[in-house]
Structure formats: structure tokens, C-alpha cells
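Structural overview
Below, each chain spelled out in residue letters.
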Amino acid sequence: MVEKKEFGSKDVSRAAILMALSQNRQEEKKIQEDFSKIGIRCAAVDFGGEFITSVMKIVEKAVVAAKREGVINEVHQEEGAVAGATREAISQIMQKAIGLNVGGKIGIARFEEHVAVAIFFGIGLLHLNEVAIGLGHRVI
């Protein structure tokens, strides 16, 4: 990675997407360490279940993971920013997912006031899966 002193929404969104696309915990930790060296804090968490009943669980998991990994502090504005970005990411795939099962990974990244949440979804029934990525961004 090229060293930069300032990162914007595009850079933070890229970090969140890479975290969401990580294939296992080892890859996730490596990506997290690489971004940490340049000042971008990251987190990721898996999710799964029936879409409608999972929406609130997905939002909660994103906020908890962001706090656990030090991406955000336990203050109302920062928790709200992650929750809002997560809801935005979910809304982007809602038409494909309603009534089906979903599973995948949530990636969260932050640099200063920029927070991005990327959600990689496997959507489907049995082995007939569709894939999608939702992305949300907020400024704290």
C-alpha cells in the first residue's frame, strides 16, 4: 500500500469492502493490520439467517464489532453513524433479499470522520445463491 496522510470516503469504503470480502479470520486480521499501519481502523463480523428477521441483528452486529475493535467509541453519534451506514448498505440489496436467506460478512472501516460499512451478501435458497454488496458511508 502507498502511504498517505489523508484518506477520504473512497479509501475508507475500499477498506470496508476488502474486510467484507475476506475469506477467513487470518486474511481479515492481515487486512486489518495493513490498514491500521496507515491509520484506517477496521472490523468485520459474519452474519446469517432469514433476511427480514436478520436486519436488526445485522445492524447490532456491525455496531458491536466496530466498538469491540476500536473503530468507534461508545458514544451515541459514532454508534448512530455505523448503524445508519449499515442500514444504507442493507437497503441497497433489499429487493433481492426479501423472503430469502442471507449470509455473509460485514466490513467496517474508519479514518477520522469517515465511516464506511460494506456488507457482502450471499442471498438465496438451497444452492441457488445470488451475491451482492451493499455499501453505506457516514461522516461523524
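The present account deals with the structure reproduced in this document. (Residues numbered from 1 in each chain as written. Predicted model: local features only at pLDDT ≥ 70, side-chain atom pairs only at ≥ 80, totals over all residues. Heavy atoms only, no water.)

With that settled, the discussion passes to helix H1 (residues 9-21). Owing to its 3.6 residues per turn, the α-helix brings residues three or four apart onto one side. The end-to-end C-alpha distance of H1 is 18 Å, a good match for the 18 Å that 13 residues give at a rise of 1.5 Å each. Along H1, the positions that sit buried rather than exposed are Val12, Ser13, Ala15, Ala16, Met19 and Ala20. The arc that holds the buried residues of H1, viewed along the axis, is 155 degrees, so those residues lie on one side. Against the buried residues of H1 lie helix H2 (25-37), strand E1 (41-50), strand E2 (101-111), strand E3 (114-125) and strand E4 (128-139). (Helix = DSSP H or I, 4+ residues; strand = E, 2+ residues; numbered from the N terminus. Expected span 1.5 Å × (residues − 1). Buried < 20%, exposed > 50% of the residue type's maximum accessible area, 1.4 Å probe, protein only. Arc of directions from axis to C-beta. Contact = heavy atoms within 4.5 Å.)

Bringing the pairing of E2 into the picture now. Most of E2 is tucked away: eight of the 11 residues are buried. The pairing of E1 with E2 spans 10 bridges and is classified as antiparallel. When the sheet's bridge partners are listed, Ala43 is paired in E2 with Ile108. Inspection of the sheet shows E2 paired to E3 by 11 bridges, in the antiparallel sense. (Pairing = 2+ DSSP bridges.)

With that out of the way, let us pick up the packing of H1 against H2. Contact geometry for H1 and H2: axes closest at 9 Å, N-to-C directions at 160 degrees. The orientation of H1 relative to H2 falls into the category roughly antiparallel. Here H1 runs over H2; the crossing is left-handed. Across the interface between the two elements, Arg14, Ala15, Leu18 and Met19 of H1 pack against Glu28, Ile31, Gln32 and Phe35 of H2. (Axes fitted to C-alpha atoms, helices over the stretch in contact; angles between N-to-C directions. Parallel < 35°, antiparallel > 145°, perpendicular 65-115°, else oblique. Left-handed = near helix turned anticlockwise from the far one by under 90°.)

Before going further, it helps to spend a moment on the sheet that holds E1. Reading across the sheet, the four strands line up as E1-E2-E3-E4 and stay open at both edges, with antiparallel pairing between neighbours. The outermost strands of the open sheet, each flanked by one partner alone, are E1 and E4. Across the sheet, the axes of successive neighbouring strands diverge by a mean angle of 15 degrees, strand direction being ignored. As paired elements, E3 and E4 share 12 bridges and run antiparallel to each other. Bridge pairing in E4 links Ile119 to Gly134.

With that out of the way, let us pick up the side chain of Arg110. For Arg110, the position within the fold is in strand E2. Only 3.3 Å separates the side chain of Arg110 from the backbone oxygen of Val71, close enough to count as a polar contact. A distance of 2.7 Å separates the side chain of Arg110 from the backbone oxygen of Glu112, its partner in a polar contact. (Polar contact = N/O pair within 3.5 Å; in protein donor to acceptor, adjacent residues only side chain to side chain.)

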